[in-house]
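Here is what each chain is made of, one letter per residue.
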Amino acid sequence: MPHTPLASNVESEYRRLPALDALLRRAEVALLVAELGVGREAVAEAARALLGEARAAIAGGAAAPAEAWWPAALAARLQEQEQPALRRVINATGVILHTNLGRAPLSRAALHAAANAAQGYSNLEYTLEAGARGSRHDHPRALLQRLTGAEDALVVNNNAAAVYLMLAALCAGREVLISRGQLVEIGGGFRIPDVLRQSGATLVEVGTTNRTYTEDFARAITPSTAAILRVHASNFRQLGFVAEPPLAELAALAHGGASGRKLLLLDDLGSGALVDTTRYGLAPEPMPAASLDAGADLVSFSGDKLVGGPQAGLIVGRAALVDTLRRHPLARALRVDKLTLAALDATLRAWAAGRAARELPIWRMIAAPAEELLGRAAAWQATLQRSGFAAEVWAGESAVGGGSLPGETLPTWLLALLPAGGVDAAAAALRRAQPPVVCRIQNDRLLFDPRTVAEEEEPLLLAALLSLLAASTAAEGSSS
Ligand SMILES: *Cc1c(COP(=O)(O)O)cnc(C)c1O
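Structural notes, computed from the coordinates.

Cut-offs and rules
Residues numbered from 1 in each chain as written. Predicted model: local features only at pLDDT ≥ 70, side-chain atom pairs only at ≥ 80, totals over all residues. Heavy atoms only, no water. Near = heavy atom within 4 Å. Polar contact = N/O pair within 3.5 Å; in protein donor to acceptor, adjacent residues only side chain to side chain. Areas by Shrake-Rupley, 256 points an atom, 1.4 Å probe, with all protein chains shown as cover. Helix = DSSP H or I, 4+ residues; strand = E, 2+ residues; numbered from the N terminus. Nonpolar A, V, L, I, M, F, W, Y, C, P; charged D, E, K, R; others polar. Pairing = 2+ DSSP bridges. Axes fitted to C-alpha atoms, helices over the stretch in contact; angles between N-to-C directions. Contact = heavy atoms within 4.5 Å. Salt bridge = Lys/Arg side-chain N within 4 Å of Asp/Glu carboxyl O. Buried < 20%, exposed > 50% of the residue type's maximum accessible area, 1.4 Å probe, protein only. Phe/Tyr/Trp six-rings, centres within 6.5 Å; stacked < 30°, edge-to-face > 60°.

A few points about the site of the ligand
Here is step 1: Near the ligand lie 13 residues; those nearest to it are Ala160, Ser234, Asp268, Ser302 and Lys305.
Here is step 2: Arg103 is positioned such that a nitrogen or oxygen atom in its side chain is 2.9 Å from an oxygen atom of the ligand.
Here is step 3: Measuring from an oxygen atom of the ligand, one finds a backbone N or O atom of Ala160 at 2.8 Å.
Here is step 4: Relative to its unbound accessible surface of 380 Å², the ligand loses 94% to contact with the protein.
Here is step 5: Mapped onto the shell around the ligand, the elements with two or more residues apiece are α8 (159–171) and β8 (264–270).
Here is step 6: Broken down by class, the residue content of the shell around the ligand amounts to four nonpolar, six polar and three charged.

What follows is the structure, given as structure tokens:
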């Protein structure tokens, strides 16, 4: 509010506030209602809220806003209210599986499948051949069998749910052996020891933080041991004097080697690559088929990490065990909805048809050649320079992220900006842009990585950058 009048003016300031009806009848407001397509009641409510705030401000000594202020303030308030809670964001950070920004963007085919399933009715739990009740669990089975060689498969809400279900359904009341080097926190408070406790299983720690041997597991087996759990160290890497037993050795032990007892071998892979990641210049990431081949009874992995699909927890392995999971009451609580099943089906189909690298956004980003990224960063620089703004192109690194391939980076090219007024204020302004832009701050520069920016997002990104630079230059000019 413009200025602070004397207290004696309070009554006259109140009188300068428009009446609600008069405000709603103003031509600018009527236009606004038509433009935003909001109902009269919503406009009236926003106007009432603004009037209430203005009254409170006057009581605190402020002046009444000018007449011209009201329609603009009302428009801003309504636009704010019309924003969906979950908004599209431009990810210029170069972190491909950015957990805070929603991990894997879906392919066109997956989007189309989800929209199609959502738009009408579907055969979610209905067999069209028999015209009888079916199971939602039947849909992803065949593709997951084909892609991993598993006897059977089950899909639940996410990989955290998959691990929890395996432990609760198969190990509750009994002991589960796990290496001390794998008692990890995945992020967002998902800690393996806590999940084990919640599932009703008893955690038995084996070995040491840096070195654990098959012998350590063998010595820990008791009559109440149910399983050996291996957890992939997704988001960190141990270097130096370290050892973990190969999965095949654990399988031999679990399946009646030295102990003479049958234990389950459960393998939580985290990301679970469906392709050999070394083909992309990355470190090897464990593959579900290889785990099953090595003797794991059940393998779990995420749908929205390196699989590149919707959030889901994929469990593959022995048919009898998968069946036990499917019949457990928790399976109902952890089940996926039709949108997820449709999007996952389209994603797995791309893998099965050998189209994943071309079709799935995260794999296109991983595979983007450095010279293509250099071309895009240079084109962004040229666009800004044509409008009179300085920008640089720097060599840098993109990350796979999302609890996959820790420390693994891909060489990239970055647009680097040094906005007047400081990087923090500029980054905050970009987060307020429409759509919001999230970037990296490093060496006192804003860095924008083309790898995670879709080509159709480029005009929006450049518009946000141009308006940021114009605003910060104007502010600089007026303050000097
Ligand atoms: C990411 C991860 C999880 C959790 O998976 P969500 O799909 O995020 O629930 C569990 N275990 C490991 C090893 C992981 O990397």
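Description of the sheet that holds strand β11 (residues 392–399)
Across a sheet, strands are paired by hydrogen bonds formed along the backbone, either parallel or antiparallel in direction.
Here is step 1: The four strands lie next to each other as β11-β12-β15-β14, forming an open sheet whose pairing is antiparallel. In the strand order of this sheet, the two ends are held by β11 and β14 (440–442), each with one partner. Averaged over all adjacent pairs, the angle separating strand axes in this sheet is 45°, with direction ignored.
Here is step 2: As paired elements, β11 and strand β12 (residues 409–417) share eight bridges and run antiparallel to each other. Paired with Glu392 across the bridge in β12 is Ala416.
Here is step 3: Helix α18 (residues 370–386) contacts β11, β12 and β15 (445–448) of the sheet and is inclined by roughly 5° relative to β12.
Here is step 4: Together, β14 and β15 form the strand contacts of helix α19 (residues 423–431), whose direction differs from that of β15 by roughly 40°.

Regarding the pattern of salt bridges
Between side chains of opposite charge, a pair can form when the charged atoms approach closely.
Here is step 1: Here the structure, examined in full by the defined rule, presents 25 salt bridges.
Here is step 2: In this structure, the salt-bridge partner of Glu205 is Arg180, at a minimum N-O distance of 2.8 Å. With a gap of 25 residues between them, Glu205 in strand β6 (residues 202–206) and Arg180 in the loop between β5 (175–179) and α9 (192–198) connect regions that are remote in the sequence.
Here is step 3: Residue classification places Arg180 among the partly exposed positions, given a relative accessible area of 37%.

A word on the packing of aromatic side chains
Here is step 1: Counted by the stated rule, this structure contains three aromatic pairs.
Here is step 2: Between Trp69 and Trp70, the aromatic rings sit 4.9 Å apart at their centres with planes inclined by 85°, giving edge-to-face as the arrangement.
Here is step 3: By relative accessible area, Trp70 is classed as buried at 1%.
Here is step 4: Between Trp351 and Trp363 the ring centres are 5.9 Å apart and the planes differ by 85°, which places this aromatic pair in the edge-to-face class. With a gap of twelve residues between them, Trp351 in helix α15 (residues 338–352) and Trp363 in helix α17 (residues 361–367) connect regions that are remote in the sequence. You'll find Trp351 and Trp363 in the same group, each marked buried.
Here is step 5: One aromatic cluster is present, formed by Tyr280, Trp351 and Trp363 through successive ring pairs.

Re the pairing of β15
Here is step 1: Here β15 shows no split at all, with Arg445 and Leu447 on one side and Leu446 and Phe448 on the other all buried.
Here is step 2: The antiparallel hairpin formed by β14 and β15 contains two residues in its connecting segment, where Asn443 sits at a positive phi of about 50°.

Focus on the sheet that holds strand β9 (residues 298–302)
Here is step 1: On the basis of which strands lie adjacent, the open sheet formed by seven strands has the order β4-β10-β9-β8-β7-β5-β6 and mixed pairing. Only two strands of the sheet have a single neighbouring strand rather than two, namely β4 (152–156) and β6. Within this sheet the neighbouring strands show an average axis-to-axis angle of 25°, counted without direction.
Here is step 2: Where β8 and β9 come together, four bridges link them in parallel fashion. Across the sheet, residue Gly270 finds its bridge partner in β9, namely Phe301.
Here is step 3: Across the sheet, helix α7 (residues 141–148) lies against β4, β9 and β10 (313–317), angled at about 120° from β4, the strand it touches most.

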